Amino acid sequence: MRARLGLLLAQHAYLMGDKVSLADYAILPLVRQFARVDRQWYLQAPLPHLRNWLNKHLQDQRFAKAMAKYPQWLETNEEFLFGHAD
């Protein structure tokens, strides 16, 4: 799989071409977790295109919005609406 991703990303900015697709979003959580498990190995591995692809997604505003942290649910009567702008 690693070689296949590297080959695809060497040819295009995203997995299916030059536009982000569902394939990119589907595999993003797996690659993100993979990169964190053994950080030293990931950083020195011959994966420059994959690292660039992941960094591009991590810097994207859509990713930041999707990964917004919400307060923990506690057994209080406090109401919290997801996506509610303060």
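Residues numbered from 1 in each chain as written. Predicted model: local features only at pLDDT ≥ 70, side-chain atom pairs only at ≥ 80, totals over all residues. Heavy atoms only, no water.

1. Let's talk about the nonpolar core
Okay, so step 1: L15, I27, V31, L50, W53 and L54 are the most contacted members of the largest nonpolar core, which has 15 residues in total.
Okay, so step 2: Of all the secondary structure elements, the ones that give two or more residues to this core are helix 1 (2-11), helix 2 (22-37) and helix 4 (48-59).
Okay, so step 3: For L54, the contacting residues outside a window of four places in its chain are L28, V31, R32, A35 and Y42. (Core = buried A, V, L, I, M, F, W, Y, C linked by side-chain atoms within 4.5 Å. Buried < 20%, exposed > 50% of the residue type's maximum accessible area, 1.4 Å probe, protein only. Helix = DSSP H or I, 4+ residues; strand = E, 2+ residues; numbered from the N terminus. Contact = heavy atoms within 4.5 Å.)

2. Section: helix 4
Okay, so step 1: In a regular helix each residue adds 1.5 Å, so 12 residues correspond to 16 Å; helix 4 covers 16 Å between its end C-alpha atoms and thus fits that length.
Okay, so step 2: Listed as buried for helix 4 are L50, R51, W53, L54 and H57. Each buried residue of helix 4 lies within a common arc of 160° when the element is viewed along its axis, so the set occupies one face. (Expected span 1.5 Å × (residues − 1). Arc of directions from axis to C-beta.)

3. Some details on the pattern of salt bridges
Okay, so step 1: Applying the stated rule across the entire model yields one salt bridge.
Okay, so step 2: A salt bridge links R62 to D60, with the nearest nitrogen and oxygen atoms 2.7 Å apart.
Okay, so step 3: Overall, the relative accessible area of 19% leaves D60 in the buried class. (Salt bridge = Lys/Arg side-chain N within 4 Å of Asp/Glu carboxyl O.)

4. Examining empty space enclosed by the protein
Okay, so step 1: Taken as a whole and judged by the stated rule, the model has one cavity of 30 Å³ or more.
Okay, so step 2: Of the pockets and cavities examined, the largest cavity occupies roughly 30 Å³.
Okay, so step 3: Here the residues of the lining of the largest cavity sort into three nonpolar, one polar and three charged. (1 Å grid on protein atoms, 1.4 Å probe; cavity = no way out; pocket = protein on both sides within 12 Å on 5 of 7 lines; lining within 4 Å. Points joined across faces, edges and corners; volume = space filled by probe spheres on them. Nonpolar A, V, L, I, M, F, W, Y, C, P; charged D, E, K, R; others polar.)

5. Some words on the packing of aromatic side chains
Okay, so step 1: If you walk through the whole model with that rule in mind, you get two aromatic pairs.
Okay, so step 2: For the ring pair F34 and W41, a centre distance of 5.8 Å and an interplane angle of 80° mean the geometry is edge-to-face.
Okay, so step 3: Summarising the aromatic geometry, the rings of F34 and Y42 are spaced 6.2 Å apart at their centres and angled 90° between planes, so their arrangement reads as edge-to-face.
Okay, so step 4: Taken together, the aromatic side chains of F34, W41 and Y42 make up a single cluster linked through ring pairs.
Okay, so step 5: Lying across the ring of Y42, R51 places its NZ or CZ 6.0 Å from the centre.
Okay, so step 6: Positioned above the aromatic ring of Y14 is the side chain of K56, whose terminal nitrogen or guanidinium carbon lies 4.7 Å from the ring centre. (Phe/Tyr/Trp six-rings, centres within 6.5 Å; stacked < 30°, edge-to-face > 60°. Lys NZ or Arg CZ within 6 Å of the ring centre and 35° of its normal.)

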